[in-house]
Amino acid sequence: MSTFNPNELLQLMAEASRKAASFSVWPQGDAPGARQSPAQLVLEEQHTGPSAWDRSVTGVRAPQITVYAPAEPNGVGILVTPGGSYRRVVLDKEGSALAPFFNARGYTLFVMTYRLPGDGHAEGANAPLADVQRAMRTLRANAHRWRLDADKLGVMGFSAGGHAAASLGTRYDEAVYDPADEVDALSARPAFMALVYPVITMVADIDHPGSREQLIGNSPDEQQIRHYSLEQRASAQTPPTFLLHAVDDPSVKVENSVVMFSALRRLGVPVEMHLFEQGKHGFGIRDAQGLPVSVWPELMMNWIETKV
């Protein structure tokens, strides 16, 4: 991976964003189960850093997908679910910043916003999953528009977005919303999962307390804990999975990736895991610069190319 200084990375992100286009996940804009309130989507430009390209959003009612398309598509599309502790959705650090690197190898990225489980939507804790299921089905229905193979659509998730992505990979056929149209007859199963410092489990001591609180509250029962602990939801049909984590992550403990790796290996699901000594949490592309973990996009893309 080439080394870029922060200003160069910001320029690449700005260029990628200028070329990007967005569309709604749901046919009517607002998700069918969205809470009807005057709350508006809010840009938090200062949340993840000091630049204009460190935005996140809250109050999502009408999830959107932003398409970062390469000049020469390789046929593989990746639905990206950024993190944000299930309190917000990061747009740049784990969204637009990825585009220059993945586009250069022909990958088409679909960076999405999704509803948050604590915002009072009808689906409750399943609101993020409803949105990512619908997003994957929409991409599959329209793959030809971006010169993609409908059977080569995967998902990449970061932090709490890793929980949303892993929910898709383990619960892709679970009915969490009423079908809206013929698109919902399509499979939501991704061809692969790539999970970066993901929230996986709700089990105490290794869970991420902030994400768990937003998802199932402070006093969940054992059934809720099992239902949303994705190492317990994995099956032999779970897609091939790539896991990436820093051992020194102070927020989402590395054990989240370890328990998922162990569950998938036990089930015979193809799985690859890379643990790096340094990186802490939320390193994405920019904060990985200068560390061994900066090679992660190449590692991930090399792995994907053995699976599709």
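Calculation criteria
Residues numbered from 1 in each chain as written. Predicted model: local features only at pLDDT ≥ 70, side-chain atom pairs only at ≥ 80, totals over all residues. Heavy atoms only, no water. UniProt positions renumbered as here; feature names shortened; annotations may be inferred. Helix = DSSP H or I, 4+ residues; strand = E, 2+ residues; numbered from the N terminus. Expected span 1.5 Å × (residues − 1). Buried < 20%, exposed > 50% of the residue type's maximum accessible area, 1.4 Å probe, protein only. Arc of directions from axis to C-beta. Contact = heavy atoms within 4.5 Å. Polar contact = N/O pair within 3.5 Å; in protein donor to acceptor, adjacent residues only side chain to side chain. Pairing = 2+ DSSP bridges. Axes fitted to C-alpha atoms, helices over the stretch in contact; angles between N-to-C directions.

**Digging into the UniProt feature "domain: BD-FAE-like" (unreviewed entry) in the chain**
Moving on, step 1. As annotated in UniProt, the feature "domain: BD-FAE-like" (unreviewed entry) corresponds to residues 102-264 in the numbering used here.
Moving on, step 2. Secondary structure across residues 102-264 divides into 33% helix and 13% strand, with the first and last C-alpha atoms of the span separated by 26 Å.

**What about helix α7 (residues 255-267)?**
Moving on, step 1. Spanning 13 residues, α7 covers 18 Å between terminal C-alpha atoms, matching the ideal 18 Å at 1.5 Å per step.
Moving on, step 2. Residues of α7 that are buried: N256, S257, M260, A263 and L264. Buried residues of α7, seen end-on, are gathered within an arc of 130° and therefore sit on one face of the element. Of the exposed residues in α7, those oriented more than 90 degrees away from the buried face are R265 and R266.
Moving on, step 3. Buried-residue contacts for α7 involve α4 (160-171), β9 (193-196), β10 (241-246) and β11 (271-276).
Moving on, step 4. Directly beyond the C-terminal end of α7, a positive phi value near 85° is found at G268.

**What about the side chain of D207?**
Moving on, step 1. Inspection of the secondary structure puts D207 in the loop between β9 and α5 (209-216).
Moving on, step 2. At 3.4 Å, the side chain of D207 forms a polar contact with the backbone nitrogen of D205.
Moving on, step 3. Apart from residues no more than four positions distant in its own chain, D207 is found in contact with T201, M202 and R212.

**Some words on the side chain of Q133**
Moving on, step 1. With respect to the helices and strands, Q133 occurs in helix α3 (residues 127-141).
Moving on, step 2. A distance of 3.5 Å separates the side chain of Q133 from the backbone oxygen of Y172, its partner in a polar contact.
Moving on, step 3. Q133 has contacts with L168, R171, Y172, D173, E174, V176, Y177 and A188, leaving out every residue within four places of it along the chain.

**What to know about the sheet that holds strand β8 (residues 153-158)**
Strand pairing in a sheet relies on backbone hydrogen bonds, with the paired strands running either antiparallel or parallel.
Moving on, step 1. Taken together, eight strands build an open sheet; the order of strands is β1-β4-β7-β5-β8-β9-β10-β11 and the sheet is mixed. Both edges of this open sheet fall to β1 (21-24) and β11, since each of them pairs with a single strand only. Put simply, the sheet's adjacent strands are angled 20° from each other on average, direction ignored.
Moving on, step 2. As judged from the four bridges shared by β8 and β9, these two strands associate in the parallel manner. Looking at the pairing, G157 lines up with L195 of β9.
Moving on, step 3. Packed on one face of the sheet, α4 meets β5 (77-81), β8 and β9 and runs near 150° to β8.

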